[in-house]
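# An overview of the molecular structure
If you want the building blocks of each chain, they are given just below.
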Amino acid sequence: MSAATGGPATPTNAAPNPAVVAEHYDLVVLGAGSTAFAAALRAAELGKTVALTESRTLGGTCVNRGCLPSKNLIEAARLVWDAQHPRYPGLQPARIDFDFRELIRQKDEVIRTYRERKYTSLVEAAERITTLVGRATVIGPHTVVVAGRQITGQHLLVATGSRPQIPAIPGLDQVPYLTSDWLTSDEPVELFELPESLVIVGGGYIALELGQMFHRFGSQVTILERGRRVLPAYEPEVSSAITQALRAEGLDLVTRAPVQRVDQAPDGTIVVVAQTPGGEQHYRAARLLVASGRVPNTDALGLERAGVGLDQRGFVEVNDYLQTAVPHIWAAGDVIGGQADSQMATPVGAHDGGLVARNAFGDDRRKAEHAVLPRAIFTDPQVAVVGLTDAEATALGFRCWCNTIPVSLVPRAGAIHDPRGLAKMVIDDDTGRVLGVSLVMREAAEVIHEAAMALRLGASIHDFIDLLHVYPTLAEALKIVAISRFKDPGQLSCCAE
Ligand SMILES: Cc1cc2nc3c(=O)[nH]c(=O)nc-3n(C[C@H](O)[C@H](O)[C@H](O)COP(=O)(O)OP(=O)(O)OC[C@H]3O[C@@H](n4cnc5c(N)ncnc54)[C@H](O)[C@@H]3O)c2cc1C
């Protein structure tokens, strides 16, 4: 039985009674998102007692205001869009009427159901896990204060995640703006009205996913990216393909457009002023969405008091075992950013949370495995990548062979009238080992798992070629791009043979 939130916790090794009863746990976790949950459940499996602390909503970003609500609404927008834009000659466009407020309501229902099933009920059922509601602060190497209570842990895990970065744009603090937090439920920042028009500052995955979603629901969307291309950490071909796909739908996607200032007109319209290669431009919209990155939740945590190091951006510094400078204090999930070659994504944090519990309490310490981290962006077409980009592989000293094929070469793409996108493969030309794959295509987030497993097992280009692929599938793109090393992929017969 877990202690009720905020109520008296069940002390495991209660100290002799001074004025305050010290509560001691084997593991104290700061934060209660997916990283924290994985650690808590694994530690409990190992017979350890755990205190989970949470200052906002149990379950963290992914379930409450990230992955789950965004993917829920993105799919609804796709249904609306596809009906209006049938790809097949012979299908007539149909308008699906929708009630945005009702869509938001069902999204909240999905959040609640999922939060209950995958988070709340699990800790309620776990005898060794106690949940404490409140902002946790570290006041000593083993000591945390939360909701006026002092608790100690043999080990501490920092899993406080991240939040939207708010750039220092003149005027921003004077105007109303949204962040991805609008996806939340039961919080005042939730959005219930579909904006007639929207300017999005930023060109990362959140900007692209949400920008396309709003556009497909009917908002007039402008995306302003300050750099030369969106998704700068991805292959340049990926940036071009997704930019082309979004512009073809009608999104106004402007690159090399750093925002100079924002203002609000007397009628309430937001005016965003950006410096573009063509000069200063004014973009007007009913709403402004700031999606310019994420910052770690490490300010005011008191970590420095315990001797934990932070990098220049505030992410917790860890070694390959996810240990901070203080051996019994660990960190994982979004709060470590790119430390130890990690990525800010739910499965990475969840995997690493479990690893921390094993490393803290198990017999065999293991390094975090961050070499093969498949990632996806749920635009349409989707983007999915794993392993190294061409530039990363070259920088590491590999003699690379790389090629990109258009998805139009894949029979299924032609069969279902969706030729958008590409597949790129990066190979170590000395050994034939596949180092990285990037996909832009329908269902890329599913297809990438073949490549991820291949990279995990050290597969070569010939493994992709020799594997029989189901015909006709989009996964054949992997076989075709591999074959393009040896022959013209435009001259293949059925089944890429
Ligand atoms: C719009 C959006 C879409 C996304 N889509 C995807 C996706 O499709 N797939 C994917 O893999 N990832 C996605 N992500 C990223 C994913 O949500 C995060 O990588 C993941 O939630 C990180 O988990 P975490 O447990 O490390 O941190 P979080 O989930 O952020 O949990 C940290 C928790 O700690 C709490 N906390 C902070 N400070 C304190 C404190 N002092 N005391 C107590 N508690 C504290 C916070 O309130 C929070 O609940 C998305 C993110 C966003 C914003």
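This text gives an overview of the structure that appears in the document.

Conventions adopted
- Residues numbered from 1 in each chain as written.
- Predicted model: local features only at pLDDT ≥ 70, side-chain atom pairs only at ≥ 80, totals over all residues.
- Heavy atoms only, no water.
- Near = heavy atom within 4 Å.
- Polar contact = N/O pair within 3.5 Å; in protein donor to acceptor, adjacent residues only side chain to side chain.
- Areas by Shrake-Rupley, 256 points an atom, 1.4 Å probe, with all protein chains shown as cover.
- Helix = DSSP H or I, 4+ residues; strand = E, 2+ residues; numbered from the N terminus.
- Nonpolar A, V, L, I, M, F, W, Y, C, P; charged D, E, K, R; others polar.
- Contact = heavy atoms within 4.5 Å.
- Disulfide = S-S within 2.5 Å.
- Buried < 20%, exposed > 50% of the residue type's maximum accessible area, 1.4 Å probe, protein only.
- Phe/Tyr/Trp six-rings, centres within 6.5 Å; stacked < 30°, edge-to-face > 60°.
- Lys NZ or Arg CZ within 6 Å of the ring centre and 35° of its normal.
- Axes fitted to C-alpha atoms, helices over the stretch in contact; angles between N-to-C directions.
- Parallel < 35°, antiparallel > 145°, perpendicular 65-115°, else oblique.
- Left-handed = near helix turned anticlockwise from the far one by under 90°.
- Pairing = 2+ DSSP bridges.

Right, let's get into the site of the ligand. Around the ligand, 39 residues are found, and the nearest of them are Thr-35, Glu-54, Thr-61, Lys-71 and Asp-334. Cys-62 places a polar main-chain atom, nitrogen or oxygen, 3.2 Å from an oxygen atom of the ligand. One of the side-chain nitrogen or oxygen atoms of Tyr-205 is found 3.3 Å away from a nitrogen atom of the ligand. Look at the ligand: alone it shows 990 Å² of surface, and the protein chains cover 94% of it. Looking at the shell around the ligand, the elements that each hand over two or more residues are α1 (34–45), β2 (50–54), α2 (60–65), α3 (67–84), α5 (205–217) and α8 (346–361). A per-element tally of the shell around the ligand places α2 first, with 4 residues. Per-class residue counts for the shell around the ligand are 13 nonpolar, 19 polar and 7 charged.

Quick look at the side chain of Gln-212 now. Inspection of the secondary structure assignment puts Gln-212 in helix α5. Here Glu-249 takes part through its side chain, which lies 3.0 Å from a polar atom of the side chain of Gln-212. Here Gln-212 is in contact with Leu-246, Glu-249, Leu-251, Thr-379 and Asp-380, once residues within four sequence places are set aside.

Let us look at the state of the cysteines. Within this structure, the stated rule accounts for 1 disulfide. Shown here is the disulfide that connects Cys-62 with Cys-67, its sulfur atoms set 2.3 Å apart. The sign of the -130° torsion about the S-S bond sets the Cys-62-Cys-67 disulfide as left-handed. Since its relative accessible area comes to 15%, Cys-62 is described here as buried.

What follows covers the packing of aromatic side chains. The way to describe two aromatic rings as a pair is by their centre distance and the angle between their planes. This model, assessed by the stated rule, comprises 4 aromatic pairs. Centroid distance Phe-98 to Phe-217: 5.1 Å. Interplanar angle 45°. Geometry classified as tilted. In this pair, Phe-98 sits in the loop between α3 and α4 (100–125) while Phe-217 sits in helix α5, placing the two residues 119 residues apart along the sequence. Between Phe-100 and Phe-217 the ring centres are 5.8 Å apart and the planes differ by 80°, which places this aromatic pair in the edge-to-face class. You can see Phe-100 sitting in helix α4 and its partner Phe-217 sitting in helix α5, a full 117 residues away along the chain. Each member of the pair, Phe-100 as well as Phe-217, is classed as buried. Among the aromatic residues, ring-to-ring pairing joins Phe-98, Phe-100 and Phe-217 into one connected group. Directly above the aromatic system of Tyr-321 lies the positively charged group of Arg-365, at a separation of 4.1 Å from the ring centroid. Across the ring face of Phe-486, the terminal group of Arg-485 is positioned such that the distance to the ring centre comes to 5.8 Å.

Moving on: the packing of α3 against α5. Their axes nearest at 8 Å, the elements α3 and α5 cross at an angle of 40°. By the criterion of interaxial angle, the relationship of α3 to α5 is oblique. Crossing of α3 over α5 shows left-handed handedness. Contacts from Ser-70, Lys-71, Leu-73, Ile-74, Ala-76, Ala-77, Arg-78, Val-80 and Trp-81 of α3 reach α5 at Glu-209, Leu-210, Met-213, His-215, Arg-216 and Phe-217. Split into classes, the residues belonging to the contact of α3 with α5 amount to 9 nonpolar, 2 polar and 4 charged.

With that settled, the discussion passes to the side chain of Asn-64. Tracing the backbone shows Asn-64 in helix α2. Its relative accessible area of 2% is what places Asn-64 among the buried residues. Within the structure, Asn-64 has its side chain in polar contact with the backbone oxygen of Gly-60 (distance 2.8 Å). A distance of 2.6 Å separates the side chain of Asn-64 from the side chain of Arg-115, its partner in a polar contact. When residues no more than four places from it in sequence are discounted, the contact partners of Asn-64 are Thr-57, Leu-58, Gly-59, Pro-69, Ile-111, Arg-115, Leu-183, Thr-184 and Ser-185.

The subject of this paragraph is the packing of α3 against α4. At their nearest, the axes of α3 and α4 sit 10 Å apart, and the two run at 140° to each other. With respect to α4, the element α3 is oriented oblique. Judged by the sense of rotation from one axis to the other, the crossing of α3 with α4 is right-handed. Counted together, Leu-68, Pro-69, Asn-72, Leu-73 and Ala-76 of α3 and Leu-103, Ile-104, Gln-106, Lys-107, Val-110, Ile-111 and Tyr-114 of α4 form the full contact between these two elements.

In this section: the sheet that holds strand β17 (residues 375–377). As summarised here, the arrangement of the 5 strands in space is β17-β18-β21-β20-β19, forming an open sheet in which the pairing is antiparallel. Unpaired on one side and paired on the other, β17 and β19 (400–406) mark the two borders of the sheet. Neighbouring strand axes in the sheet, compared pairwise and without regard to direction, differ in orientation by 10° on average. In this sheet, strand β21 (residues 434–441) lies alongside strand β18 (residues 382–387) in antiparallel orientation, the contact comprising 6 bridges. Considered in β21, the bridge of Gly-387 is made with Gly-436. Sheet strands in contact with helix α13 (residues 476–483) are β19, β20 (422–428) and β21, and its direction is about 50° off that of β20.

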